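Inside the fold
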Amino acid sequence: MPDDDPEFTSLDCSAVIADVWLLLDNECDPDARERLKSHLDNCPSCLAHYGIESDLKALINRKCGGDQAPKGLRDRLRVEIRRTVVVTETRYSTGE
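Fair warning: this is a prediction, and the values are worked out from it, not measured in the lab.

Moving on: the packing of helix α2 (residues 13–24) against helix α3 (residues 30–42). At a minimum axis distance of 10 Å, the contact between α2 and α3 shows a crossing angle of 120°. In terms of axis orientation, α2 runs oblique to α3. Of the two possible hands of crossing, α2 and α3 adopt the one that is left-handed. Between α2, through C13, V16, D19 and L23, and α3, the contact on the second element is made entirely by R33, L36, K37, H39 and L40.

Judged by side-chain charge, D29, D31, E34 and D41 come together as a negatively charged surface patch. For D41, the location among the structural elements is in helix α3.

Criteria and thresholds
Residues numbered from 1 in each chain as written. Predicted model: local features only at pLDDT ≥ 70, side-chain atom pairs only at ≥ 80, totals over all residues. Heavy atoms only, no water. Axes fitted to C-alpha atoms, helices over the stretch in contact; angles between N-to-C directions. Helix = DSSP H or I, 4+ residues; strand = E, 2+ residues; numbered from the N terminus. Parallel < 35°, antiparallel > 145°, perpendicular 65-115°, else oblique. Left-handed = near helix turned anticlockwise from the far one by under 90°. Contact = heavy atoms within 4.5 Å. Patch = residues over 30% accessible without salt bridge, like charges linked within 9 Å, V, L, I, M, F, W, Y side chains within 5 Å. Areas by Shrake-Rupley, 256 points an atom, 1.4 Å probe, with all protein chains shown as cover. Salt bridge = Lys/Arg side-chain N within 4 Å of Asp/Glu carboxyl O. Lys, Arg positive; Asp, Glu negative; His and termini not counted. Charge placed at Lys NZ, Arg CZ, Asp CG, Glu CD.

Written out as structure tokens, the structure reads:
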């Protein structure tokens, strides 16, 4: 996408709010990170939302950081997810 495309370079608040967690988790590319930060620098409402989400992430990390799931939970979840996918696919393919 060209950098001079206004749809690419400017973001509305809903797009920023939707991508706040990507920014917090460092899961966006450098260009997107810069666009998001630029919007946050100029939008007090989005900056406040970003601050709330950042505080929430810190709280979750503080309260849940280091906790381990019980043994076998991952395997049980994997089985349940597969079962759900199979049931859903079967229902859609049979027309139920």
